[in-house]
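Structural description and commentary
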Amino acid sequence: MNMRKKTKYIHEGQLVAEVDVELIVTDDEWSPYLSLQDAYKLDDVHEALRRGDLECASKIARVFTMQPIAI
């Protein structure tokens, strides 16, 4: 079993969060996958963004706002 670091992005409205997780790489057909703790971390950040709780989300992830570009 190997671990590989990965950055996952969560998008909610005008907000985007970068969450660092570790993927578990094995020889079975479900590989790579997240640990239960990292899956809960992604869920917590997504729920915090949905509520607009940037303080809570920024404790776990890096939070950014997106702005449309007018051409």
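Each remark here, short or long, concerns the structure printed above.
Here's a quick rundown of the structure. Along every chain, residues carry numbers that run from 1 in the direction the sequence is written. Only residues with pLDDT of at least 70 get local features here, since the model is predicted, and only at 80 or more are side-chain atom pairs given and counted; chain-wide, interface and lining totals rely on the full set of residues. Note that the side-chain values use all heavy atoms of the structure and ignore hydrogens as well as water.

With that settled, the discussion passes to the side chain of Asp-38. In this structure, Asp-38 sits in helix α1 (residues 36–51). Any two residues whose heavy atoms approach within 4.5 Å at even a single point are treated as in contact. Setting aside residues up to four positions removed in sequence, Asp-38 forms contacts with Val-21 and Glu-22. A run of DSSP states H or I qualifies as a helix once it reaches four residues; a run of E qualifies as a strand once it reaches two. Both are numbered from the N-terminal end.

Here, a salt bridge means any Lys or Arg side-chain nitrogen found within 4 Å of an Asp or Glu carboxyl oxygen. By the definition in use, this model includes 7 salt bridges. Measuring nitrogen to oxygen at the nearest pair gives 3.2 Å for the salt bridge that ties Arg-62 to Asp-20. Of the two residues, Arg-62 is situated in strand β4 (residues 62–65) and Asp-20 in strand β2 (residues 15–25); the sequence distance between them amounts to 42 residues. Each residue is assigned to one of three classes by its accessible area relative to the maximum for its type, calculated with a 1.4 Å probe on protein chains only: buried under 20%, partly exposed between the two thresholds, exposed over 50%. By relative accessible area, Arg-62 is classed as partly exposed at 36%. On the basis of relative accessibility, which here comes to 39%, the residue Asp-20 falls in the partly exposed class. One salt bridge in this structure joins Asp-53 and Arg-51, with 3.3 Å as the shortest N-O distance. Taken together, the shared-partner salt bridges connect Glu-12, Glu-47 and Arg-50 into one network.

With respect to the secondary-structure elements, Glu-18 resides in strand β2. Using a relative accessible area of 18% as the deciding quantity, one classes Glu-18 as buried. Contacts described as polar in this section are N or O atom pairs within 3.5 Å, which, within protein, must combine one atom able to donate a hydrogen with one able to accept it, while residues neighboring in sequence count only if both atoms come from side chains. Within the structure, the side chain of Glu-18 is placed 3.4 Å from the side chain of Tyr-9, a separation counted as a polar contact. Aside from chain neighbours lying at most four places away, what touches Glu-18 is Thr-7, Lys-8, Tyr-9, Ala-61, Arg-62 and Phe-64.

For two strands to count as paired, DSSP must find a minimum of two bridges between them. Relative to β2, strand β1 (residues 2–12) is paired through 11 bridges, and the arrangement is antiparallel. Looking at β2, one finds that Arg-4 is bridged to Leu-23. A loop of 2 residues connects β1 with β2, the two strands running antiparallel in sequence, and Gly-13 in this loop sits at a positive phi of about 65 degrees.

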